[in-house]
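Report on the structure
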Amino acid sequence: MLTEVWLVAAKDLLVERRSRVALTQIAPFAVLVLVLFGLALGSNSNATLREISPALYWVTVLFAAILAIQRSFSVDQASGVPDALRLSGLTPAAIFLGKALAIVLQLLVLQVVLVAGIVVLFNASIEDVVLLVLAALAAVIGIAAAGTLYGVLASDLAVRDSLLPLLLLPVLAPVLMAATRTFDDALGLVAVDGWAWLGVLGLFGVIYLVFGALAYGVLLEES
Amino acid sequence: MIPNSTASRFTRLFGTGLLVIIAFWLLFAFFWSDPDDTQGEVVRLFYVHVPSALGTYTAFIVCGLASAFYLWKKSEFADLLAHAAAEVGVVFCVLMLATGSIWGRPTWGTYWDWGDVRLVTSLVLLLLFVGYLALRAVPGDSGQRSKQASIVALVALLDIPLINRSVEWFENKTLHQKGTVLLGKIEDFNLFATFLGVVAMTGIMVWLMVHRFRIAWLRRQLLTTGLDQALLERRAEATGDVGGATAYNGFAPAIAAALAFQQTDIPGNWGYIFAGWGLSLTVLALYGLFLVREGRRLTQAVPPERRRWTTTPTDEGSR
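Calculation notes
- Residues numbered from 1 in each chain as written.
- Chains lettered and ligands numbered in written order.
- Predicted model: local features only at pLDDT ≥ 70, side-chain atom pairs only at ≥ 80, totals over all residues.
- Heavy atoms only, no water.
- Helix = DSSP H or I, 4+ residues; strand = E, 2+ residues; numbered from the N terminus.
- Buried < 20%, exposed > 50% of the residue type's maximum accessible area, 1.4 Å probe, protein only.
- Contact = heavy atoms within 4.5 Å.
- Areas by Shrake-Rupley, 256 points an atom, 1.4 Å probe, with all protein chains shown as cover.
- Patch = residues over 30% accessible without salt bridge, like charges linked within 9 Å, V, L, I, M, F, W, Y side chains within 5 Å.
- Salt bridge = Lys/Arg side-chain N within 4 Å of Asp/Glu carboxyl O.
- Buried area = accessible area lost by both parts, 1.4 Å probe.
- Nonpolar A, V, L, I, M, F, W, Y, C, P; charged D, E, K, R; others polar.

What follows is about the overall build of chain A. The number of helices and strands found in chain A is 10 helices and 0 strands. Across chain A, helices and strands are ordered from the amino to the carboxyl terminus as α-α-α-α-α-α-α-α-α-α. Residues classed as buried in chain A amount to 50% of the 223 residues present. Within chain A, counting contacts between residues at least 6 apart in sequence, those at least 24 apart form 83% of the total. Summing over all exposed atoms, chain A offers an accessible surface of approximately 9400 Å²; the carbon and sulfur share of this is 68%.

Laid out in structure tokens, this is it:
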């Protein structure tokens, strides 16, 4: 099972290593969104930006994640990978976890860029590094799990690019809320119990992972 | 008897009975019940808001159960029921949010509050099911689409408790009264008006769902008989999208009227009350009319031998 998961993840990561789309397009896009927030709020907004940096950060992550998920599935679709995976005899749960793992690793790299982004651009200060790192990890697992489930669901549709965000973003609403609260604490902005929210984030991740692994088989099988 | 519309003897009788109940509901809501001690006249919005909220949750739960049943047994009936329930649920959800906001303005002093658990949960619920309908609207292999839609519906229902808990922890406050009815705060006739509202709105929901189900069934028949494309082209040439356009044009004046009412400061907040009720009744009536018209159009397009939505042991579309 673990070998199978790694096989699928390695394939997606190899595609990324050769194409570098996440690195040269998605990461710059995410930074661009941060810059846009700064520009939109104007020159007198330094204090506001710092205060709401967790919210802006996670909205940015969600937008970038949509791109990463779309990329992951459009590459597959273009080269007939879904059929190959079906024929490969890998268990659907392993395919699901493998694709989710590849997205998790890519999004984690993105988090490093974005944390640097809010520290430099929004003047955020990191008060609790451990909490910050764990929150990023837990949130990314939830996003990748839900994203992989919805990515394959929309992957064969001509309208994939417009439908995926509409379907996925409301589902990720609880992750957005919990991750923002955790960051509020980790960045020392609001006195909330970040560790409790981290638990909530972890719970979302587990629920989406389990549901996705169970439902993936249904979506992969030929009708 | 071969049906010529999505109406049947059952829906006609049921609909007539429903009109009587609606009449009594209106009488109780506006004439035979007294204003509330604390809320005043605005409590009359309660009689349409609470029933639409109950209707929303019932419809979405029906959708979720039908989706789960579809994944289990691949029953076409369950698949079409899930689709019908989701669409009716979205209409009710819009009404719940609209009447709630209109009610909130005079009672709480605001249309919206991001800290209120039920408001935010309901809004995300609406968006989740708008996505569901968008997915359903994408043409393609119906068996595959039904499976995808079922998963989306289940995830949506799974998400509801999560969002609900999150917002509650997030803010830990609600503008909603808790268990008003149980606390016995509401007096006899007010309680009865709410009860009638629940009966009437549940009836309306069932009536709409039956018609919507039959339309879904007829649409699938059209797809399988391959007539759909030809029909759509011919209709587009002749009149354009009649049903949809009329329905949506119809909503515009209702919304405008509702907004206009809110501007005027009628004593006793009657503006809000009429806006909420007017919007609800207009939307439901227009949606019902739209379903009936669409049903007529579709029944005429489907060959007589395939018109019976009551006999659906076909495995087409659910392979």
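What follows continues from the structure just given.
For chain B, the helix and strand inventory stands at 9 helices and 0 strands. Put simply, chain B runs from its N terminus to its C terminus through helices and strands in the order α-α-α-α-α-α-α-α-α. Taking all 319 residues of chain B together, the buried fraction comes to 53%. When contacts within chain B are restricted to residue pairs at least 6 apart in sequence, long-range pairs at least 24 apart make up 82% of them. Total accessible area computed for chain B in this model is approximately 14800 Å², and 65% of it derives from carbon and sulfur atoms.

In this section: the environment of Leu-214 of chain A. Residues and elements named next belong to chain A. Along the chain, Leu-214 falls in helix H10 (residues 194-220). We classify Leu-214 as exposed; its relative accessible area is 64%. Along the sequence, Leu-214 and Phe-96 sit 118 residues apart, while their C-alpha atoms lie 9.3 Å from each other.

Attention shifts here to a nonpolar patch on the surface. Residue and element names in this part refer to chain A. Taken together, Leu-32, Val-35, Leu-36, Leu-39, Val-119, Val-120, Leu-121, Ile-126, Val-129 and Val-133 make up a surface patch of nonpolar side chains, about 860 Å² in accessible area. Secondary-structure elements contributing two or more residues to the nonpolar patch are helix H2 (21-41), helix H6 (92-121) and helix H7 (129-154). It is H2 that contributes the most residues to the nonpolar patch, 4 residues altogether. Looking at the secondary structure, you find Val-119 in helix H6.

Across the boundary between the two partners, chain B contributes 28 residues, which contact 27 residues of chain A. At the boundary of chain B with chain A, total buried surface from both sides reaches about 2500 Å², with 77% on carbon and sulfur atoms. The interface formed by chain B and chain A contains 0 salt bridges. Listing elements by their share of the side of chain B that touches chain A, those giving two or more residues are helix H4 (117-137) and helix H5 (142-171) of chain B. With 17 residues, H5 of chain B is the single largest residue contributor to the side of chain B that touches chain A. Within the side of chain B that touches chain A, the residues separate by chemical class into 18 nonpolar, 5 polar and 5 charged.

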